[in-house]
Amino acid sequence: QNQNGSNRSHSSTLTSPSVTGSPGGFGGKVDGKEFFRQARARLSYEKFSQFLSNIKELNAHKQTRQETLARASEIFGDANADLYATFETLLVKHLPK
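Small disclaimer: the values here were computed from a predicted structure and weren't measured. (Residues numbered from 1 in each chain as written. Predicted model: local features only at pLDDT ≥ 70, side-chain atom pairs only at ≥ 80, totals over all residues. Heavy atoms only, no water.)

1. Observations concerning helix α4 (residues 45-59)
Thought 1: With 15 residues, α4 extends 21 Å between its outermost C-alpha atoms, agreeing within 8% with the 21 Å of an ideal straight helix rising 1.5 Å per residue.
Thought 2: Every buried residue of α4 is accounted for by F48, F51, N54, I55 and L58. An end-on view of α4 places all buried positions within 115° of arc, on one side of the element. Residues of α4 that are exposed and point over 90 degrees away from its buried face: Y45, E46 and K56.
Thought 3: Lining the buried residues of α4 we find α3 (32-42), α5 (65-76) and α6 (81-94).
Thought 4: H61 lies just past α4 and shows a positive phi near 60°. (Helix = DSSP H or I, 4+ residues; strand = E, 2+ residues; numbered from the N terminus. Expected span 1.5 Å × (residues − 1). Buried < 20%, exposed > 50% of the residue type's maximum accessible area, 1.4 Å probe, protein only. Arc of directions from axis to C-beta. Contact = heavy atoms within 4.5 Å.)

In structure tokens:
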């Protein structure tokens, strides 16, 4: 029974396999929390910090949405084009022109 109990506790710490199993990690659904989890997992600490600063500049009205997207594209690079596409979708969804 103890062994069974420990197995249960291990399985409860697992994350959803569907997130990591789908291409790009997002499936068809765009979710802000999941986007930030993916970005943090895939970007270096420095790049993720640059990305957060980029968003702060937008929120402080110090740069336009277009400038924010251009900077995000530089930060993500070609290797994370799917992250950029998801970020663009989130930005358009939450910040209409």
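More follows now that the structure is in view.
2. Comments concerning the pattern of salt bridges
Charged atoms that come close allow side chains of opposite charge to pair.
Thought 1: Overall, the coordinates contain 3 salt bridges when judged by the stated rule.
Thought 2: Ionic pairing is found between R42 and D82, a salt bridge with its closest N-O pair at 2.8 Å. Remark: D82 occurs in helix α6 and R42 occurs in helix α3; sequence separation between them is 40 residues.
Thought 3: Residue R71 pairs with E74 through a salt bridge whose shortest N-O separation is 3.0 Å. Here R71 and its partner E74 are both found in helix α5, 3 residues apart, which amounts to about one turn of the helix.
Thought 4: Exposure remark for R71: the relative accessible area of 32% places this residue in the partly exposed category.
Thought 5: With relative accessibility at 54%, the residue E74 sits in the exposed group. (Salt bridge = Lys/Arg side-chain N within 4 Å of Asp/Glu carboxyl O.)

3. Details of the packing of aromatic side chains
Two aromatic rings, taken as a pair, are described by how far apart their centres are and by the angle between their planes.
Thought 1: If you walk through the whole model with that rule in mind, you get 8 aromatic pairs.
Thought 2: On the basis of an interplanar angle of 20° and a centroid distance of 6.0 Å, the ring pair of F35 and F87 is categorised as stacked. One end of the pair, F35, is in helix α3; the other, F87, is in helix α6, with 52 residues separating them in the sequence. Comparing F35 with F87, the two get one shared label, buried.
Thought 3: When the ring of F51 is compared with that of F87, the centres are 4.9 Å apart and the planes differ by 80°; the resulting orientation is edge-to-face. Residue F51 is located in helix α4, and its partner F87 is located in helix α6; the two are separated by 36 residues in the primary sequence.
Thought 4: By relative accessible area, which is 5% here, F87 ends up buried.
Thought 5: Aromatic ring contacts, followed pair by pair, group F35, F36, F51, F76 and F87 into a single cluster. (Phe/Tyr/Trp six-rings, centres within 6.5 Å; stacked < 30°, edge-to-face > 60°.)

Geometric values such as these leave the question of function open.
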